[in-house]
Amino acid sequence: MNSLSRRKFLKISGATIATAAVLAGSAKTFVKASKKISERKGLEIIPTYCDLCFWKCGALAYIEDGKLWKVEGNPADPLSNGRLCPRGTGGVGAHYDPDRLKSPLIRKSLRGEEKWIDVTWDEAFDYIAEKMIKIKNEYGPESVALFSHGIGGSFLKHLIRAYGSPNETAPSFAQCRGPREVGFELTFGDVVGSPERTDIENTRCLTLIGSHLGENMHNTQVQEFSRAVERGASIIVVDPRFSVAASKAKYYLPIKPGTDLALLLAWMSIIVNEKLYDAEYISKYGTGFDLFVAEVSKYTPEWAYVETGIEPDLIRETAREMARYKPASLVHPGRHATWYGDDAQRSRAIALLNALLGSWGRKGGFYQTHSFSIPKYPYPPYPELKKESVHNPNNKYPFATGEQISTGIREATITGKPYPIKGWFVYGTNLMQALPNQNETVEAIQNLDLMVVVDVIPSEIAGWADVVLPESVYLERYDDLNTSPFKEAFVGIRQPVIEEPNDQKPNWWMAKKIAEKIGLGNYFPWKDVEEYLDTRLQAADLSLQELKTKGIIKAPQQPIYFEDGAEPEFLTPSGKIEFYSSQLAEAGFDPVPRYTKHPDPPPGYFRLIYGRAPVHTFSKTQSNPLLKDMMDENELWVNTDIAEKYGLNHGVYIKLKNQDGVVSNKIKVRVTERIRTDCVYMVHGFGQKSRQLRSTFNKGASDSELITKYTIDPLMGGTAMNVNFVTFEMEA
Ligand SMILES: Nc1nc2c(c(=O)[nH]1)N[C@H]1C(S)=C(S)[C@@H](COP(=O)(O)OP(=O)(O)OC[C@H]3O[C@@H](n4cnc5c(=O)[nH]c(N)nc54)[C@H](O)[C@@H]3O)O[C@H]1N2
Ligand SMILES: Nc1nc2c(c(=O)[nH]1)N[C@H]1C(S)=C(S)[C@@H](COP(=O)(O)OP(=O)(O)OC[C@H]3O[C@@H](n4cnc5c(=O)[nH]c(N)nc54)[C@H](O)[C@@H]3O)O[C@H]1N2
Ligand code: SF4
Ligand SMILES: [Mo]
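Residues numbered from 1 in each chain as written. Chains lettered and ligands numbered in written order. Predicted model: local features only at pLDDT ≥ 70, side-chain atom pairs only at ≥ 80, totals over all residues. Heavy atoms only, no water.

Asker: I keep staring at the overall build of the protein and nothing clicks. Help me out?
Answerer: Helix and strand content of the protein: 25 helices and 26 strands. Here the C-alpha radius of gyration of the protein, 25 Å, is about what a compact globule of 732 residues would show, namely 27 Å. For the protein, the spread of C-alpha atoms along the three principal axes comes to 70 × 60 × 60 Å. Expressed as a percentage of the 732 residues in the protein, the buried residues total 62%. In the protein, of all internal contacts separated by at least 6 residues, the share reaching a separation of at least 24 is 75%. Surface summary for the protein: the accessible area is close to 27,300 Å², and the carbon and sulfur share equals 51%. Side-chain charges in the protein split into 87 positive and 90 negative, and the spacing between the mean points of these groups amounts to 3 Å. (Helix = DSSP H or I, 4+ residues; strand = E, 2+ residues; numbered from the N terminus. Rg over C-alpha atoms; globule rule 2.2 N^0.38 Å. Buried < 20%, exposed > 50% of the residue type's maximum accessible area, 1.4 Å probe, protein only. Contact = heavy atoms within 4.5 Å. Areas by Shrake-Rupley, 256 points an atom, 1.4 Å probe, with all protein chains shown as cover. Lys, Arg positive; Asp, Glu negative; His and termini not counted. Charge placed at Lys NZ, Arg CZ, Asp CG, Glu CD.)

See below:
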């Protein structure tokens, strides 16, 4: 795209950028303002950490006359740096959501019909306990699985382990960052992790491949990104859609979807052929470089042009640009990496490109993380496992990790192999939206003897449960300590700032009560969660009281870059950065990534791509009254030429039909030049089908419903979801 049309796009995208600017208040003003405020009578400011997404930003909750007033960033917290993202600021709405679950429910008709009887907690636990004991006797404890997302699942994990099951999983791995972690681990011997160890703060050149920072609102990264833009760092954005990040870029590459590996290989060939790499770093830390060079040097920009649609000169220029700033040149690893099925290899190519630039372990690249070490609670040992998890039978995906494959557990629930799965606990994950192919999820659920969902609202997945347990929202409960790996080690606390409005209860209480009912009370020896937290903190010479007051306690700074004394350690088999991977070769995979071509949409069809909106998290915030006000349905981005060809006007509602004949809800058309002609785009999380969530029912369309097809990554079992094609259904 030339600079003129980029300016035009900039104007168009002004509204979206304004949302990103919500972050712009300064911490200093905050401290001043909060002093004045704290003189007000009846005002209490309580530190906690946010749960509107899983980034865990440190926050301050303001309670005035016993009412929750607002939530802001905690200036002492390194993740939020005193500022929350728009979702975090809307945290208050989670407490006041009128659609919240109010009491435990037991199903009274067929699964999925959403008909319930209100029960007491004791009745709900009796029901669960009876089924858990029955499943244990008939099939063994391994036949109960846990799906969870977020730190709130940790006490249920403990319960499931104490019960004797190895099956615990989270769709936030094999449907999200799993392939990326495997690609990086194969190369550097370590994962990128969460929060990402990306030093955007200090980078001089940032390359974003589909990472739509600014719409993807992970707070620390977005703050660092806006400062990098202000500093004049060079930004390169690769995306079939002109994202908010693209509007800040020096170079925008509107790539044909699914061809990123071609671009990455061509970039590496230029850097190798023109000897633009960090030779000293590579000879010190790398291995297999010659074999790597022999493989990648054949991918010319002219070849890549045919695949990607990106002009060869632009490929050359951007490769030279990123090399110019090495090692402070960061090719962002992305996060939601499950795109096309060769994702671990694509992520490995991103890792290798960073290795050429010498950015791993370097300032402005990937820093070395530190986390606060707090001993675990001294629980009795778990029972010995008699069976392995069902997530990856016969090690079908040899590079699968300890973070289990959710669709593998779903598959075993459908087939009963390698052994039957008869119970599901689902905590904080809406499996109807998070897993591809909803029919398979329903088929699995129909095979269960027990399906328990812990949620705060009557979510779609709650609609399929036998028992629904209403949880307190994060502002009403304690959770485990936050010791996320970051630039500096810290510990953060989540604590109740306000009481539950009805009969909701925290997860730790549910886990303890269920354990007691099934004879596992000895695994929950503490009286309450405060005793649990204090025991852990005291073992690290801290106290609960101190942490409750401060919200955050930091450890002394340690070096985070090789140049400052951080110890380079590569936990690969060779102990080096593996430009050529013998592990992959031995397992029958490409030791250096090779290009794989993905099918194009058939005539009349468009690739369905999807992403994030700044004010929502997946499918979990749509009913939050504050966030709903800002966005209550999603739109379908359609290129201007395509809209004209199909007679689609801006603002009309249409339906989409996918390659398998599945028809979506109606969705509003957004005619825009900001997307290529071969794909359409929508924000994930809408089109929800829970009738009890009155405010979100059928609002917008669901990408998940249209994702009936998925391609599995042969290395690690991640499920790629950008492989579905849709056409327009006009008669909406
Ligand atoms: N506000 C908000 N922020 C969030 C979240 C949220 O729910 N809400 N979720 C968080 C989580 S868990 C994750 S994993 C991240 C996800 O966010 P990211 O990892 O940044 O992005 P993805 O979801 O992978 O990709 C979406 C972008 O990729 C582009 N894209 C689609 N296909 C292709 C392709 O073939 N090639 C290229 N180069 N680009 C393509 C889309 O146009 C879109 O801009 O966001 C995080 N941040
Ligand atoms: N089609 C499609 N599928 C995707 C993605 C996509 O973009 N498109 N993104 C993928 C990615 S990157 C990720 S990380 C995963 C995320 O997938 P999930 O983690 O499943 O995300 P959500 O769909 O938001 O489900 C969160 C659920 O937790 C509930 N909840 C909210 N707060 C609480 C609480 O305090 N306690 C309890 N117990 N429950 C709570 C919400 O009501 C909701 O039902 O999805 C993956 N799947
Ligand atoms: S990124 Fe936003 S929603 Fe996520 S924890 Fe931080 S403030 Fe909360
Ligand atoms: Mo994710």
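Asker: What's the story with the sheet that holds strand E1 (residues 43-49) in this structure? I'm lost.
Answerer: For sheets, the rule is that strands pair by backbone hydrogen bonds, running either parallel or antiparallel. Pairing in this open sheet of 3 strands is antiparallel, and the strands run E1-E2-E3 from one edge to the other. Because the sheet does not close on itself, it has two edges, and the strands there are E1 and strand E3 (67-73). The sheet shows a mean angle of 25 degrees between the axes of neighbouring strands, direction not considered. (Pairing = 2+ DSSP bridges. Axes fitted to C-alpha atoms, helices over the stretch in contact; angles between N-to-C directions.)

Asker: Any chance you could explain the site of ligand 2 here in plain terms?
Answerer: Among the 30 residues in the neighbourhood of ligand 2, the closest are listed as His149, Thr429, Asp455, Glu471 and Ser619. For ligand 2, a nitrogen atom lies 2.8 Å from a polar atom in the side chain of Asp703. Calculation on ligand 2 without its partners gives an accessible area of 930 Å², and the protein chains cover 96% of this total. Elements represented by at least two residues in the shell around ligand 2 include exactly helix H8 (171-188), helix H17 (431-434), strand E14 (450-455) and helix H25 (703-706). No other element matches the 4 residues that H8 contributes to the shell around ligand 2. Of the residues belonging to the shell around ligand 2, the class tally is 11 nonpolar, 12 polar and 7 charged. No fewer than three residues from each of domain 1 (105-174 + 391-473 + 501-538) and domain 3 (606-730) sit in the shell around ligand 2. (Near = heavy atom within 4 Å. Polar contact = N/O pair within 3.5 Å; in protein donor to acceptor, adjacent residues only side chain to side chain. Nonpolar A, V, L, I, M, F, W, Y, C, P; charged D, E, K, R; others polar. Domains from an automatic or database assignment.)

Asker: Honestly, the site of ligand 1 in this entry has me stumped. Any pointers?
Answerer: Looking at ligand 1, there are 31 residues lining it, with Asp239, Asp260, His336, Tyr340 and His616 nearest. Here an oxygen atom of ligand 1 and a side-chain polar atom of Trp339 are 3.1 Å apart. Separating a nitrogen atom of ligand 1 from a side-chain N or O atom of Arg612 is a distance of 3.2 Å. Protein burial of ligand 1: of its 920 Å² of free accessible surface, 98% is covered by the chains. Of the residues assigned to the shell around ligand 1, the class counts are 14 nonpolar, 10 polar and 7 charged. Viewed by domain, the shell around ligand 1 spans two of them, domain 2 (179-367 + 572-586) and domain 3 (606-730), each represented by three or more residues.

Asker: So what exactly am I meant to see when it comes to the environment of Leu330 here?
Answerer: Position of Leu330 relative to the elements: it lies in strand E12 (residues 329-331). Considered as a pair, Leu330 and Gly178 are 152 residues apart in the sequence and their alpha carbons are 20 Å apart. Apart from residues lying up to four places away in sequence, Leu330 is in contact with Thr198, Asp199, Ile200, Thr203, Cys205, Leu206, Thr207, Asn354, Gly364, Gly365 and Phe366.

Asker: Mind showing me how you'd approach the pairing of strand E15 (residues 467-470) here?
Answerer: Looking along a regular strand, one sees side chains alternate from face to face of the sheet. Across the two faces of E15 the burial is the same, with Val467 and Leu469 and Val468 and Pro470 all buried. Bridge analysis of strand E4 (residues 105-107) against E15 gives 2 bridges, and the strand direction is antiparallel. Residue pairing across strands places Leu105 opposite Val468, the latter belonging to E15.

Asker: What is the right way to look at empty space enclosed by the protein in this model?
Answerer: One simple way to see leftover space: roll a probe sized like a water molecule over the atoms. Across all of its chains, the model carries 4 cavities of 30 Å³ or more by this definition. If you add up the space inside the largest cavity, you get close to 80 Å³. Surrounding the largest cavity, Cys50, Leu52, Cys53, Trp55, Lys56, Cys57, Leu84, Cys85, Arg87, Gly88, Met217 and Asn219 form its lining. When its volume is computed, the second largest cavity comes out at roughly 50 Å³. (1 Å grid on protein atoms, 1.4 Å probe; cavity = no way out; pocket = protein on both sides within 12 Å on 5 of 7 lines; lining within 4 Å. Points joined across faces, edges and corners; volume = space filled by probe spheres on them.)

Asker: Is there a simple way to think about helix H18 (residues 438-446) in this case?
Answerer: Note that an α-helix has 3.6 residues per turn; residues three or four places apart therefore point the same way. Considered for burial, the residues of H18 that qualify are Gln438, Glu440, Thr441, Val442, Ala444 and Ile445. Looking at the buried side of H18, the elements it contacts are helix H16 (406-415), strand E13 (423-427), H17, E14 and H25. Capping the start of H18 is the job of one residue whose side-chain oxygen sits 3.1 Å from the backbone nitrogen of Asn439: Asn437.

Asker: Quick question: what am I supposed to make of the sheet that holds strand E8 (residues 205-209) here?
Answerer: Taken together, 4 strands build an open sheet; the order of strands is E10-E9-E8-E12 and the sheet is parallel. Looking at the sheet topology across the chains shown, the edges are occupied by strand E10 (251-253) and E12. On average, adjacent strands in this sheet sit at an angle of 10 degrees to one another, irrespective of strand direction. Running at roughly 130 degrees to E10, helix H14 (residues 312-324) makes contact with E8, strand E9 (234-238), E10 and E12 of the sheet.

Asker: I'm lost on the packing of aromatic side chains in this one. Help?
Answerer: A ring pair, where both rings are aromatic, is described by two values, the distance of the centres and the angle of the planes. For the coordinates displayed, the defined rule picks out 39 aromatic pairs. Where Phe184 meets Phe366, the ring centres are 5.6 Å apart and the plane angle is 50 degrees; that geometry is what we call tilted. Of this pair, Phe184 sits in helix H8 while Phe366 sits in the loop between helix H15 (343-357) and H16, and the two are 182 residues apart along the sequence. Judged by its relative accessible area of 0%, Phe184 is buried. Taking relative accessible area as the criterion, Phe366 reaches 1% and is therefore assigned buried. Ring centres 5.2 Å apart and planes at 85 degrees place the aromatic pair Trp303 and Tyr595 in the edge-to-face group. Here Tyr595 lies in the loop between helix H22 (582-586) and strand E19 (606-611) and Trp303 lies in helix H13 (residues 301-308), a separation of 292 residues in the sequence. By relative accessible area, which is 26% here, Trp303 ends up partly exposed. Judged by relative accessible area, which is 17%, Tyr595 ranks as buried. Taken together, Phe155, Tyr377, Tyr379, Trp508, Phe524, Trp526 and Tyr532 form an aromatic cluster joined through their ring pairs. (Phe/Tyr/Trp six-rings, centres within 6.5 Å; stacked < 30°, edge-to-face > 60°.)

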